[in-house]
2 protein chains.
Amino acid sequence: MYICPMYSSELIKGTLKTIVLNLLKEKGKMYGYEITQKVKELTEGKIQITEGALYPTLHSLEQNGELETEKEYIGKRVRKYYKLTKQGHVTAAERINEFAGFMNTMKFLLDLEPKMG
Amino acid sequence: MYICPMYSSELIKGTLKTIVLNLLKEKGKMYGYEITQKVKELTEGKIQITEGALYPTLHSLEQNGELETEKEYIGKRVRKYYKLTKQGHVTAAERINEFAGFMNTMKFLLDLEPKMG
DNA sequence: TGGAAATACATAAATATCTTATGTATATTT
DNA sequence: AAATATACATAAGATATTTATGTATTTCCA
């Protein structure tokens, strides 16, 4: 059975915040582990966010005022739900917009016709 | 007069090798400084490759057998032209292909409909 | 004609981001 | 009962890039 390979970590670098902000914008609130699973599921395993990368990023976004948290107990186990602050919504929109522009630029750059220029 | 802003360096991260390999595939041979200027020109300043990032990358691609060099003298000043090796052509195609897939995945991930899932 | 800007290379220290490894603990499945 | 999944967290190491610095030649223009 064929397993679709992950994208190189080099490419994924730099997109983590954009992914997280966008997911929270769409879903309202999510907890860390849920984010890792959702991204894996939505990308069919092609993008896998490690917890070692995600948790520090969530903490940093929170400290920066983009996210706020709310704890929930499932039995004895804690979940930390994250959601966008007002400022976080602005940042999310900016990031997504910037990424869309970046993709267009890269598409143009990589679709160059031979011998052109 | 409006100056279109650069993309955040976070986003550009990880795409440098892909950009360089693709440009060399299209142009045949280029020297370092020429690459920085060409990328700036083609992207209207939205992507600017710094020499501090480019030269180490070119050296590393050369050491890895993806690129080979040829010196040319313009008066007393040297230019180091880089071109793809046979292996470099394979790697270039792989990288470009991978990036195209990555863009599709990201597009899907960021175009999520509200409340879906 | 002389100084600024552009061309052309290079490397190193500092910074940022991510991977890999490790740790703790609870809940579920087999 | 043991293995796996859930759920958090942090730290050491790896990697890639920015920023700073250095050298030298050539072109532009005032």
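In short, a report on the structure.

Each value, and the rule that gives it
Residues numbered from 1 in each chain as written. Chains lettered and ligands numbered in written order. Predicted model: local features only at pLDDT ≥ 70, side-chain atom pairs only at ≥ 80, totals over all residues. Heavy atoms only, no water. Pairing = 2+ DSSP bridges. Helix = DSSP H or I, 4+ residues; strand = E, 2+ residues; numbered from the N terminus. Axes fitted to C-alpha atoms, helices over the stretch in contact; angles between N-to-C directions. Contact = heavy atoms within 4.5 Å. 1 Å grid on protein atoms, 1.4 Å probe; cavity = no way out; pocket = protein on both sides within 12 Å on 5 of 7 lines; lining within 4 Å. Points joined across faces, edges and corners; volume = space filled by probe spheres on them. Nonpolar A, V, L, I, M, F, W, Y, C, P; charged D, E, K, R; others polar. Least-squares fit on C-alpha atoms with pLDDT ≥ 70 in both. Salt bridge = Lys/Arg side-chain N within 4 Å of Asp/Glu carboxyl O. Buried < 20%, exposed > 50% of the residue type's maximum accessible area, 1.4 Å probe, protein only. Near = heavy atom within 4 Å. Polar contact = N/O pair within 3.5 Å; in protein donor to acceptor, adjacent residues only side chain to side chain.

Another point: the sheet that holds strand β2 (residues 67-74) of chain B. Residues and elements named next belong to chain B. Ordered by their spatial adjacency, three strands build an open sheet running β1-β3-β2, and the pairing between neighbours is antiparallel. The sheet terminates laterally at β1 (29-31) and β2, the two strands that pair on one side only. Recorded for the sheet is a direction-independent mean angle of 35° between the axes of neighbouring strands. By the bridge criterion, three bridges tie β1 to strand β3 (residues 77-84) in an arrangement that is antiparallel. Of the residues in β3, the one forming a bridge with Y31 is Y81. Running at roughly 50° to β3, helix α4 (residues 51-63) makes contact with β2 and β3 of the sheet.

Okay, the layout of surface pockets next. Residue and element names in this part refer to chain A. Approximately 240 Å³ is the volume found for the largest pocket. Around the largest pocket sit Y31, G32, Y33, Y55, H59, I74, R77, V78, R79, K80 and Y82, which together line it. Elements represented by at least two residues in the lining of the largest pocket include exactly α3 (32-42), α4 (51-63) and β3 (77-84). If you tally residues by element for the lining of the largest pocket, the top one is β3, at five residues. In terms of residue class, the lining of the largest pocket is made up of six nonpolar, two polar and three charged.

Least-squares fitting of chain B to chain A yields an RMSD of 0.0 Å, with the superposition described by an axial translation of 0.0 Å and a rotation of 180°. Taken together, the turn and the small shift mark the pair as related by a two-fold rotation axis.

What follows deals with the pattern of salt bridges. Residues and elements named next belong to chain B. Overall, the coordinates contain eleven salt bridges over all chains when judged by the stated rule. Across the pair K29 and E70 runs a salt bridge whose closest N-O atoms are separated by 3.5 Å. Note that K29 is positioned in strand β1 and E70 in strand β2, a separation of 41 residues in sequence. On the basis of relative accessible area, K29 is assigned to the partly exposed category, the value being 34%. You can call E70 partly exposed: its relative accessible area is 34%. Here K46 ties to E44 by a salt bridge, and the two come within 3.6 Å at their closest N and O atoms. Classification of K46 by relative accessible area gives buried; the value is 15%. Look at E44 and you get exposed, because its relative accessible area is 61%.

Around DNA strand C, a shell composed of 25 residues is seen, among which R77 of chain A together with Y31, Y33, R77 and R79 of chain B lie nearest. Looking at DNA strand C alone, sugar and phosphate atoms form 71% of those within 4 Å of the protein. Side-chain polar atom of R77 of chain A to a base oxygen of DNA strand C: 2.5 Å apart, as the coordinates give it. Between Y33 of chain B and DNA strand C, the recorded distance is 2.4 Å, taken from a side-chain N or O atom to a phosphate oxygen. Of all the elements in the fold, those that place two or more residues in the surface near DNA strand C are α4 of chain A together with α3 (32-42), α4 and β3 of chain B. Counting residues per element, the surface near DNA strand C draws most heavily on α4 of chain B, at five residues. Class assignment of the residues belonging to the surface near DNA strand C gives a composition of eight nonpolar, eight polar and nine charged.

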